[in-house]
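Topology and contacts: notes
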Amino acid sequence: MYTTISGGVCAAQGFRAAGLHVGVKTHNVNKKDVALIVSDAPCTAAAVFTKNVVKAAPVLVTKAHLEKGGIRAIIANSGNANACAPNGEENAVRMCAAAAKAIGCAPEEVLVASTGVIGQTLKVEAIENGVPELYSLLASSGAASDAAAHAIMTTDTVKKEFAAEVLIGGKPVRIGGIAKGSGMIHPNMGTMLCFLTTDCAISKEMLEMALGEVVRMTFNRISVDGDTSTNDTCCILANGLAGNPEIREMDERYVDFVMKLHEVCYSLARMMAKDGEGAKHLITCTVRGAASEEQAETISKSVISSTLTKAAIFGCDANWGRVLCAMGYSGESFDPGKVDVSFASDAGDILVCQNGRGLAFDEELAKKILSEDEVDIDITIQEGEESCTCWGCDITYDYIKINGDYRT
């Protein structure tokens with residue numbers, strides 16, 4: 001039994017959250033810039049990080065703390081990435097220490113994350129001074145999750161949160177999360193932060209396996225601009241307060257947990273792709289008839305990452321040649337003479353390429369289809385039975401404006 005619920009990162013038992021403006025962001029005092037998530041009980045934890053060789057200080061500190069176990073909290077700031085910055089690791093540790101002091105736990109029991117401008121010194125004193133008030137605001141409500149979700153936003157235009165419930169061993173288990181991500185998003189993690197919480201009782205080994213499996217099928221299948229960030233962090237805390245029999249092997253209970261975790265991450269991933277910086281369209285690309293899931297994924301990723309395809313969708317131009325071109329340089333081998341391409345949306349669907357050749361089609365209908373907020377690119381390659389779906393967005397004039405003066 002699966003149920004979507006409210007509450008975001010506070011939906012699971014024993015989790016509280018808060019968000020507050022403490023002064024990391026100086027240009028707008030109305031924007032929250034530090035979030036705190038706390039569990040009433042020690043948690044099993046797992047995380048996935050950026051594959052960028054250049055890793056921000058919070059990534060390195062969080063990796064070290066995960067090895068200790070018994071995690072109690074996550075503290076995160078927006079407005080400054082604390083990457084390639086003076087005293088980076090020292091300041092990340094100071095953030096953990098400030099949160100730990102308020103909570104009454106060891107600094108190693110706190111995970112830390114940052115997002116924002118690279119290379120600038122973090123105003124860690126502002127965070128340290130603000131933590132006591134931040135801690136006092138902790139609550140287990142939907143409003144508290146909302147505050148935390150807003151506190152980690154940078155160029156995001158909407159908050160991103162989701163929660164769901166599933167019965168495991170006869171016990172209702174909840175999984176919730178908040179995320180941020182709008183620009184610098186590319187498969188193999190983007191400039192995203194995602195904090196997931198669950199009251200499921202699950203071993204560390206199974207939690208790590210579940211998160212890795214789900215991230216591969218969700219967050220690693222989105223792209224906004226082809227840039228992989230220095231700060232990407234997706235972590236999950238499991239405090240076991242649901243009281244279900246602990247998941248220790250890949251049994252039916254594990255499958256149920258993974259399916260529900262996938263639903264949460266899938267929803268958050270789509271929100272990120274749709275909220276790409278300056279974006280007007282969410283692009284969903286599905287490749288069918290592939291010889292393997294890996295082949296389908298590589299081709300689909302290539303299409304959603306293509307700047308020219310993004311530009312064509314922005315202009316509502318059914319230029320399927322851009323799609324075929326992106327498929328061709330994906331690195332996967334296929335027969336171009338067996339490729340079909342169609343565009344679809346709530347306004348209808350239209351086949352524009354069949355067996356690798358262009359068709360006469362209604363340009364006005366195509367434009368109407370591509371004018372919708374969400375557009376599907378459906379591809380069949382007649383190589384086998386496998387398929388894969390990836391998500392991206394168009395590229396607009398606003399993307400250049402946002403990133404042209406992002407630092408200043």
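Once that is clear, we can look at the side chain of S267. Within the fold, S267 resides in helix 6 (residues 252-274). Overall, the relative accessible area of 14% leaves S267 in the buried class. For S267, the side chain forms a polar contact with the main-chain oxygen of E263, separated by 2.9 Å.

This brings us to the packing of aromatic side chains. Here the structure, examined in full by the defined rule, presents 1 aromatic pair. Arranged with centres 5.4 Å apart and planes meeting at 70°, the rings of Y266 and W391 form a pair that is edge-to-face. Taken together, the positions of Y266 in helix 6 and W391 in strand 16 (residues 386-393) put the pair 125 residues apart, joining distant regions of the chain. Take Y266: its relative accessible area is 32%, and that puts it in the partly exposed class.

This part is about unusual backbone geometry. Even without glycine at this site, N82 takes up a positive phi of about 45°. As for its position among the elements, N82 is in the loop between strand 4 (71-78) and helix 2 (88-103). On the basis of relative accessible area, N82 is assigned to the buried category, the value being 1%. Not every positive phi belongs to a glycine, and C316 is a case in point at roughly 55°. Looking at the secondary structure, you find C316 in the loop between helix 8 (307-314) and helix 9 (320-328). Classification of C316 by relative accessible area gives buried; the value is 16%.

Because the α-helix completes a turn every 3.6 residues, residues three or four places apart line up on one side. Within the sequence span of helix 10 (residues 363-370), burial applies to A366, I369 and L370. The buried residues of helix 10 occupy one face: seen down the axis, they fall within an arc of 90°. Facing away from the buried side of helix 10 by more than 90 degrees, the exposed set consists of E364 and K368. Against the buried residues of helix 10 lie helix 8, strand 12 (340-345), strand 13 (348-354) and strand 15 (374-380). Two or three places before E364, at the opening of helix 10, D362 has a side-chain oxygen 3.0 Å from that residue's backbone nitrogen.

What follows deals with the pattern of salt bridges. The tally for this structure, following the rule as stated, stands at 19 salt bridges. Ionic contacts of the salt-bridge type, sharing partners, join the residues R216, R221, E293, E297 and K301 into one network.

Every other side chain in a regular strand lies on the same face of the sheet, so the side chains alternate between the two faces. Counting buried positions over the 6 residues of strand 2 (residues 15-20) gives 5, a clear majority of the element. Judged from the 6 bridges that link them, strand 2 and strand 3 (residues 34-49) form a sheet pairing that is antiparallel. Bridge pairing in strand 3 places A18 opposite L36.

Our focus in this paragraph is the sheet that holds strand 11 (residues 282-290). Here we have 7 strands laid out as an open sheet, ordered 9-16-11-15-12-13-14, and mixed in their pairing. Of all strands in the sheet, those bounded by a partner on one side alone are strand 9 (222-223) and strand 14 (357-358). In terms of strand pairing, strand 13 meets strand 14 through 2 bridges, oriented antiparallel. Bridge assignment links Q354 to a residue of strand 14, and that residue is R357. Of the strands in this sheet, strand 12, strand 13, strand 14 and strand 15 touch helix 9, which is tilted by about 125° from strand 12.

With 38 residues, the main nonpolar core has L196, F219, F257 and L261 as its most contacted residues. Counting only elements with at least two residues in this core, the list comes to strand 6 (160-168), strand 7 (171-180), strand 8 (193-198), helix 5 (204-217), strand 10 (233-238) and helix 6. The element contributing the most residues to this core is helix 6, with 10 residues. Judged by nonpolar contacts, the second largest core, of 33 residues, contains I313, V323, F361 and I377.

Inspection of the secondary structure puts T286 in strand 11. Of note is the side chain of T286, whose polar atom sits 2.8 Å from the side chain of T389. Here T286 is in contact with S300, I377, D378, I379, C388 and T389, once residues within four sequence places are set aside.

For the rest of this paragraph, the subject is a negative patch on the surface. A grouping of D317, D362, E363 and E364 is seen on the molecular surface, where their side chains present a negatively charged patch. One can find E364 in helix 10.

This next bit is on the environment of D340. Mapped onto the secondary structure, D340 falls in strand 12. Residue classification places D340 among the buried positions, given a relative accessible area of 18%. Residues D340 and V215 lie 125 residues apart in sequence; the distance between their C-alpha atoms is 29 Å. Ignoring any residue separated from it by four or fewer positions in sequence, one finds D340 in contact with L351, C353, Q354, N355, D378, I379, T380 and Q382. Polar side-chain contacts of D340 include one of 2.8 Å to the backbone nitrogen of N355.

Here is what the cut-offs are and how they apply
All residue numbers here refer to positions counted from 1 along the written sequence of the relevant chain. Residue-level local features of this predicted model are given only where pLDDT is at least 70; pairs of side-chain atoms are given and counted only at 80 or more, and the full residue set underlies all totals for whole chains, interfaces and linings. Hydrogens are left out, water is left out, and the side-chain values use all remaining heavy atoms of the structure. In DSSP terms, a helix is any run of H or I states spanning at least four residues, a strand is any run of E spanning at least two, and both are numbered starting from the N terminus. Per-residue accessibility, obtained with a 1.4 Å probe over protein chains only, is compared with the maximum for each type, and a residue is labelled buried under 20%, exposed over 50%, and partly exposed between these values. Think of a polar contact as two N or O atoms within 3.5 Å of one another; within protein, one of them needs to be a possible hydrogen donor and the other a possible acceptor, and neighboring residues in sequence only count if both atoms come from side chains. Only centres within 6.5 Å qualify two rings of Phe, Tyr or Trp (six-membered ring in Trp) as a pair; their planes then separate them into stacked at under 30 degrees, edge-to-face at over 60, and tilted for everything else. What the arc measures is the spread of directions leading from the helix axis to the C-beta atoms. Here a residue-residue contact requires only that any non-hydrogen atoms of the pair lie within 4.5 Å. Throughout this description, the term salt bridge denotes a Lys or Arg side-chain nitrogen within 4 Å of a carboxyl oxygen of Asp or Glu. Only strands that DSSP links by at least two bridges are regarded as paired with each other. Axis definition: a line fitted to C-alpha atoms, over the contacting stretch in the case of helices. Angles run 0 to 180 degrees between N-to-C directions. The term nonpolar core refers to a set of buried residues drawn from Ala, Val, Leu, Ile, Met, Phe, Trp, Tyr and Cys, joined through side-chain atoms within 4.5 Å. Each patch is assembled from residues with relative accessible area greater than 30% and no salt bridge, linking like charges that lie within 9 Å and nonpolar side chains (Val, Leu, Ile, Met, Phe, Trp, Tyr) that lie within 5 Å. All accessible-area figures derive from a Shrake-Rupley calculation using a 1.4 Å probe, and residue coverage is judged against the displayed protein chains alone. The charge count includes Lys and Arg as positive and Asp and Glu as negative, but it does not include His or the ends of the chains. For this purpose, a charge sits on NZ of Lys, CZ of Arg, CG of Asp or CD of Glu.

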